[in-house]
Amino acid sequence: MRFVIWAGLITALLVPVVTAAFSPYLAWREPIYVIAGFAGILGMCLLLLQPLLAGRWLPGLSPVTSRHWHRWCGLALVAMILVHVGGLWITSPPDVVDALLFVSATPFSAWGVIAMWAGFAAALMGMSRQRLSLRFRVWRLGHAALAFVTFLGSVVHALLIEGTMEIISKFALCALVVLASAATLAKLRVWDVKRR
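Residues numbered from 1 in each chain as written. Predicted model: local features only at pLDDT ≥ 70, side-chain atom pairs only at ≥ 80, totals over all residues. Heavy atoms only, no water.

Visitor: Explain the side chain of Thr184 to me, using residue names and the numbers behind them.
Guide: Here Thr184 lies in helix H8 (residues 167-188). With residues up to four places along the chain from it excluded, the contact list for Thr184 reads Pro51, Leu52, Ala54, Gly55 and Trp57. (Helix = DSSP H or I, 4+ residues; strand = E, 2+ residues; numbered from the N terminus. Contact = heavy atoms within 4.5 Å.)

Put into C-alpha cells, the structure is as follows:
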C-alpha cells in the first residue's frame, strides 16, 4: 500500500511537468519565459505536497519529518513564486505591473496575485510562529486560512490560463490539490481553536 501511494504521488507530480515539456506553446519562447512558466508548474506540484505533509498523509514519514519537509516545501514554494513572477517581469514588465495593481485585462492575473500575497503571508506566519505569541490553535487557524487562499487562488489562476500545461493533467493536479487541502483541513479541524 505504501508503494502504491508513493507511486501515485510521484506520477501526479511528474505527469504535468513532462506533458508541459512537450507543449507547442514553448515554441519560439525565450528561455526566461520558459523558466518562469515551469516555476509556476513546480509551484502547483508543491501545493499538492504541502497539505499532504501537513496532514501527515504520506506513509513512512514521522510527524517530525513531515513537519520538517512541510517547512522546506513552503520555502521552495516561495522561491518558485519569485522565479515565476520575476521571469514574467523580465519578459513583460507592463503585464506584471497591471497584474499587481489589479488592472490587468486577464482574469487569471488577479487570482495569481491574490495567491502570491497569501502564500507569502502564510510562509511569513509559519516562520514567525514563536514571535507571534499566539496559542497554537489560533496560529494554526490563521496559517491554514492563508494557505487555503493560496491553494484556491493558485488553482483558479492555473485553470483560467491557456498555456503550457496540458489540460487533462492540469485539471487532475488542480483537483488533487483541492482534495488534499480539504481533507487536511477536515482532519486537523483547524477551525477548532478551543482548548481541550
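Visitor: Mind laying out helix H1 (residues 2-21), listing which residues take part and the relevant values?
Guide: Spanning 20 residues, H1 covers 29 Å between terminal C-alpha atoms, matching the ideal 28 Å at 1.5 Å per step. Roughly 25° is the biggest bend found in H1, and it falls at Leu14, with proline Pro16 one to four residues downstream. Those residues of H1 that sit buried are Leu9, Ala12, Leu13, Pro16 and Ala20. Elements in contact with the buried residues of H1: helix H2 (31-54) and H8. (Expected span 1.5 Å × (residues − 1). Bend = angle between axes of the 7 residues up to and from the residue. Buried < 20%, exposed > 50% of the residue type's maximum accessible area, 1.4 Å probe, protein only.)

Visitor: For the layout of surface pockets, give the residues involved together with the corresponding values.
Guide: Of the pockets and cavities examined, the largest pocket occupies roughly 1,100 Å³. His84, Leu88, Phe108, His157 and Ile161 are the residues nearest the centre of the largest pocket, which is lined by 44 residues in total. Of all the elements in the fold, those that place two or more residues in the lining of the largest pocket are H2, helix H3 (63-91), helix H4 (93-100), helix H5 (107-127) and helix H7 (136-160). Here the lining of the largest pocket gets nine residues from one element, more than from any other, and that element is H2. Residue classes in the lining of the largest pocket are distributed as 24 nonpolar, 15 polar and five charged. Here the second largest pocket defines a volume of roughly 920 Å³. If you trace the second largest pocket, you find 35 residues lining it, with Ala54, His70, Gly126, Trp139 and His143 closest to the centre. Those elements that place two or more of their residues in the lining of the second largest pocket are H2, H3, H5, helix H6 (129-132), H7 and H8. The leading source of residues in the lining of the second largest pocket is H7, at nine residues. (1 Å grid on protein atoms, 1.4 Å probe; cavity = no way out; pocket = protein on both sides within 12 Å on 5 of 7 lines; lining within 4 Å. Points joined across faces, edges and corners; volume = space filled by probe spheres on them. Nonpolar A, V, L, I, M, F, W, Y, C, P; charged D, E, K, R; others polar.)

Visitor: Which residues make up H7, and what are the values?
Guide: Taking 1.5 Å of rise per residue, the 25 residues of H7 would be expected to cover 36 Å, and the 36 Å separating its terminal C-alpha atoms lies within 8% of that figure. Residues of H7 that are buried: Trp139, Arg140, His143, Ala144, Ala147, Thr150, Phe151, Gly153, Ser154, Val155, His157 and Ala158. Buried residues along H7 sit in contact with H2, H3, H5, H6 and H8.

Visitor: Now, about the packing of H2 against H7: what can you tell me, with residues and values included?
Guide: At their nearest, the axes of H2 and H7 sit 11 Å apart, and the two run at 150° to each other. Considered as vectors, H2 and H7 are oriented roughly antiparallel to each other. Crossing of H2 against H7: the hand is left-handed. Across the interface between the two elements, Met44, Leu47, Gln50 and Pro51 of H2 pack against Thr150, Phe151, Ser154, Val155 and Ala158 of H7. Along the lines of polarity and charge, the residues of the contact of H2 with H7 split into six nonpolar, three polar and no charged. (Axes fitted to C-alpha atoms, helices over the stretch in contact; angles between N-to-C directions. Parallel < 35°, antiparallel > 145°, perpendicular 65-115°, else oblique. Left-handed = near helix turned anticlockwise from the far one by under 90°.)

Visitor: Requested: an account of the environment of Trp6, with residues and values cited.
Guide: Relative to the helices and strands, Trp6 is located in helix H1. Excluding residues that lie within four positions of it along the chain, Trp6 makes contacts with Leu58, Pro59 and Leu61. At 2.9 Å, the side chain of Trp6 and the backbone oxygen of Pro59 are in polar contact. (Polar contact = N/O pair within 3.5 Å; in protein donor to acceptor, adjacent residues only side chain to side chain.)

Visitor: Break down the packing of aromatic side chains for me, citing the residues and quoting the values.
Guide: The full count for this structure, using the stated rule, is two aromatic pairs. A ring pair is formed by Trp117 and Phe120, whose centres lie 5.7 Å apart and whose planes are at 80°; its orientation type is edge-to-face. Linking Trp117 with Phe120, this pair stays in helix H5, spanning three residues, or about one helical turn. In this structure, Lys187 is placed above the aromatic ring of Trp57, and the distance from its NZ or CZ to the ring centre is 4.3 Å. (Phe/Tyr/Trp six-rings, centres within 6.5 Å; stacked < 30°, edge-to-face > 60°. Lys NZ or Arg CZ within 6 Å of the ring centre and 35° of its normal.)

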